[in-house]
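# Observations on the model geometry
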Amino acid sequence: MESNCWLRKQRIPIANGVVLRVPTIEEVLDIEQLYYSTASTLTAVPYQFMVQLDDMGVDYTTITEFQFFQMMFLSYVKQETINKLLEEQGMYDQITPSAFNVIFEDLELVGFDIYVNPETQETCLLNSITNVEINEFVYYQLVKAMRKLNNFEHVKAKPGNESAKKYLMEKERRRLKRESKKPYEPYLEKLVVSMVNMPEFKYNYEQTFGMSLYVFNESLAQVQHKVTFDKTMIGVSIGFADTKKMTDKSILSWIRLGGNSHDQS
Amino acid sequence: MINLDKFTIVSYDQISGFDRTNGSLVLIMDELSDFSLAHTEEKSDITGKAGRVIGSLKKNKSVTGSGTNGLLSGGALAAMVGGEIVDGDKLNVHYTDVLTVQNDKATTTLKAIGTAGNEIGTVYVPGDSGAFITDGTKLTQAASAGTTGTFAYDPDTKELSFHTNELADGTQIYVFYTAEVEGKELKNDANKFSKTLALYVDCTCQDACDNQFHGQFIIERADFSGSFTLQGGTDPATQGFEFTTLPNLCTGKTDLWDFIVFD
């Protein structure tokens, strides 16, 4: 029987034919930028892509998270279809790399398209070749698991009125313009180097490379919590920090209590 | 519509400052890494019989804004030093050239200006150690390079001429001179002090239901502090700033700031 403990999981079955892999640190490091780009796109909400959607003429406040996921997913399907054609023609150097084989277990992308249920008018992603279906329920289970696995936050913010919508759009455009000039900075690589050199983290590079991404993320959160606890306690001991005035009381215990904040509400 | 009973400011996005006299834009800081508005007020107890507190006297209400912008802002610098940024096409700078001698000649990058016949003054030729301050040879400017140890300079052609065969081809020399360039200039005049601007702080507010709104602090008189440090080195220079908000006595308004959330 498969363990329910996420620390021991290597795969997370979501639905028939849809199984998430829990990749090792080594697997992610090999394709870090591609992995995080794909994982963050699949778990993103329309708010996070407001500029890109606006450029496409889509109002990000009028589409659902599932509709946005369908758009993004189909763009990967299209890319994979092109890759298959290039592979058949032996044009291997023109194939765009994909992170899907690291994120999913044997998920065949080619064949996926939007299927509209004629009775309910609800849409889902259906692979006509493999019959794998990603409906809205499966989608929510999938992104919930992906967020938990990757330590991603579910962004729930939305504009409260038209002027806020316009303001947020301008702000996001400015941010993207700035970000576009910056080169990609390895995220996980920096975390691995930082953690391996922390006395609170007992593992060396080789052992860390073999760790699952979820285990590493949880260790990172615990080490951060423990370091903050230690520093806070030093402050309390010498009288610089008053525990009564602390808004976050969870820091008064070195054991990280409370639920995973990535669960969907 | 935002519920101001329960809300938070999730980010301070931009500070724009305007001249209070002519309304022209003076500064924009939109890379705020931190910002705070600190409020203070003094309160003295009024005591009555047996030292009972029967009231309080409140005074000296004050608001101080401070923060850091990730990038230096020319306008903010100008506000803090009390200067103006001006466009100039004849701004004097001191220029450093590392030149290579070829056929007893070398050409400066820019046209050196100054007293005719002493535009450059000295040419530094490094010694064997590569040092040219504590070692090497110093050539002196003259009308012509007729003798050893001298050189001539023609500002029109920007050409340096050396005494025949004194410097071998390929010799590197260092010259320092004043030149005119086009650019933007900010002067820090000892007799001018930091400015008071009309300031607008744009921020993003969020209510308890994750709805976001555009908010703005309006500070009619922000008196900038002239005490700051321009720091550089291993970390990039950032723009630290501080201002005190003042009531607008001209209009009779006593607001230290107004906060408006856009509907």
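Cut-offs and rules
- Residues numbered from 1 in each chain as written.
- Chains lettered and ligands numbered in written order.
- Predicted model: local features only at pLDDT ≥ 70, side-chain atom pairs only at ≥ 80, totals over all residues.
- Heavy atoms only, no water.
- Helix = DSSP H or I, 4+ residues; strand = E, 2+ residues; numbered from the N terminus.
- Rg over C-alpha atoms; globule rule 2.2 N^0.38 Å.
- Buried < 20%, exposed > 50% of the residue type's maximum accessible area, 1.4 Å probe, protein only.
- Contact = heavy atoms within 4.5 Å.
- Pairing = 2+ DSSP bridges.
- Salt bridge = Lys/Arg side-chain N within 4 Å of Asp/Glu carboxyl O.
- Patch = residues over 30% accessible without salt bridge, like charges linked within 9 Å, V, L, I, M, F, W, Y side chains within 5 Å.
- Areas by Shrake-Rupley, 256 points an atom, 1.4 Å probe, with all protein chains shown as cover.
- Core = buried A, V, L, I, M, F, W, Y, C linked by side-chain atoms within 4.5 Å.
- Domains from an automatic or database assignment.
- Buried area = accessible area lost by both parts, 1.4 Å probe.
- Polar contact = N/O pair within 3.5 Å; in protein donor to acceptor, adjacent residues only side chain to side chain.
- Arc of directions from axis to C-beta.
- Expected span 1.5 Å × (residues − 1).
- Nonpolar A, V, L, I, M, F, W, Y, C, P; charged D, E, K, R; others polar.

Of regular secondary structure, chain B possesses 1 helix and 16 strands. A globule of 263 residues ought to have a C-alpha radius of gyration of about 18 Å, yet chain B, at 29 Å, is considerably larger. Across its three principal directions, the C-alpha atoms of chain B cover 100 × 50 × 40 Å. For chain B, with 263 residues in total, the buried portion stands at 33%. For chain B, restricting intrachain contacts to residue pairs at least 6 apart in sequence, the fraction spanning at least 24 positions comes to 65%.

Bringing the pairing of strand β8 (residues 122-125) of chain B into the picture now. All names here are of chain B. What you see with β8 is a clean split: Val123 and Val125 sit on the buried side and Thr122 and Tyr124 on the side with no burial. In terms of strand pairing, β8 meets strand β9 (residues 137-141) through 4 bridges, oriented antiparallel. Looking at the pairing, valine 123 lines up with leucine 139 of β9. Bridging between β8 and strand β12 (residues 172-186) involves 2 bridges; their strand directions are antiparallel. Opposite valine 123, over in β12, you have valine 175 as the bridge partner.

Turning our attention to the pattern of salt bridges. Residues and elements named next belong to chain B. Here the structure, examined in full by the defined rule, presents 22 salt bridges over all chains. Between lysine 195 and glutamate 84 there is a salt bridge; the shortest N-O distance is 3.2 Å. Of this pair, lysine 195 sits in the loop between β12 and β13 (196-207) while glutamate 84 sits in the loop between α1 (74-81) and β5 (85-100), placing them 111 residues apart in sequence. Taking the shortest distance from any N to any O, the salt bridge between aspartate 255 and lysine 253 comes out at 3.8 Å. Residue class for aspartate 255 comes out partly exposed when judged on its relative accessible area of 32%. Judged by its relative accessible area of 32%, lysine 253 falls in the partly exposed class. Ionic contacts of the salt-bridge type, sharing partners, join the residues Glu220, Lys253, Asp255 and Asp258 into one network.

Quick look at a nonpolar patch on the surface now. All names here are of chain A. Among the surface-exposed residues, Ile234, Ile238 and Phe240 lie close enough to one another that they form a single nonpolar patch of about 380 Å² accessible area. Among the structural elements, phenylalanine 240 can be located in the segment after α10 (213-237). Exposure remark for phenylalanine 240: the relative accessible area of 74% places this residue in the exposed category.

Core analysis: the largest hydrophobic core is formed by 49 residues, its most contacted members being Leu20, Tyr35, Phe69, Phe73, Phe104, Ile134 and Phe216 of chain A. Residue-level mapping places this core at the junction of two domains, with at least three residues from each of domain 1 (6-180) and domain 2 (188-252) of chain A. Setting aside residues up to four positions removed in sequence, phenylalanine 69 of chain A forms contacts with Leu42, Leu125, Ile134, Tyr139 and Leu142 of chain A. With 25 residues, the next largest nonpolar core counts Leu37, Val63, Leu197 and Val201 of chain B among its residues.

All right, on to the interface of chain B and chain A then. Between chain B and chain A, the contact holds 18 residues from the first and 14 residues from the second. When chain B packs against chain A, the two sides together hide about 1,200 Å² of surface, and 43% of this comes from carbon and sulfur. If you sort the residues of chain B by the area they bury against chain A, Asp210, Gln212 and His214 of chain B come out on top, with a joint share of 39%. Applying the counting criterion to the chain B and chain A interface returns 2 salt bridges. When the shortest N-O distance is used, the salt bridge between arginine 178 of chain A and glutamate 31 of chain B registers 2.5 Å. Applying the counting rule to chain B against chain A returns 12 residue pairs in polar contact (both at pLDDT 80 or more). Mapped onto the side of chain B that touches chain A, the elements with two or more residues apiece are β1 (7-19), β13 and β14 (211-224) of chain B.

Take helix α8 (residues 188-196) of chain A next. Residue and element names in this part refer to chain A. Burial in α8 covers these residues: Leu188, Leu191, Val192, Met195 and Val196. Down the axis, α8 shows its buried residues gathered within 120° of arc, on one side only. Check the buried side of α8 and you find it contacts α1 (25-30), α2 (32-43), α9 (205-209) and α10.

A few words now on helix α4 (residues 65-88) of chain A. Residues and elements named next belong to chain A. Taking 1.5 Å per residue as the helical rise, α4 with its 24 residues ought to reach 34 Å, and the 35 Å between its terminal C-alpha atoms agrees with that figure. Within the span of α4, buried status applies to Glu65, Phe66, Phe68, Phe69, Gln70, Met72, Phe73, Tyr76, Val77, Glu80, Asn83 and Leu86. Remark: glycine 90 follows α4 within two positions and exhibits a positive phi of approximately 75°.

Residue and element names in this part refer to chain A. Domain assignment breaks chain A into domain 1 (6-180) and domain 2 (188-252). Inter-centroid distance (C-alpha atoms) of domain 1 to domain 2 is 31 Å. On the side of domain 2, 13 residues touch domain 1, which itself brings 16 residues to the contact. For the domain 1 face of the interface with domain 2, the top three residues by lost area are Leu7, Ile25 and Leu29, together amounting to 39%. Applying the counting criterion to the domain 1 and domain 2 interface returns 0 salt bridges. Across the domain 1-domain 2 interface, the total number found is 7 residue pairs in polar contact (both at pLDDT 80 or more). Every element with two or more residues in the side of domain 1 that touches domain 2 is listed here: α1, α2 and α6 (136-150). Looking at the side of domain 1 that touches domain 2 element by element, the count peaks at 4 residues for α1. Of the residues in the side of domain 1 that touches domain 2, the class split is 10 nonpolar, 3 polar and 3 charged.

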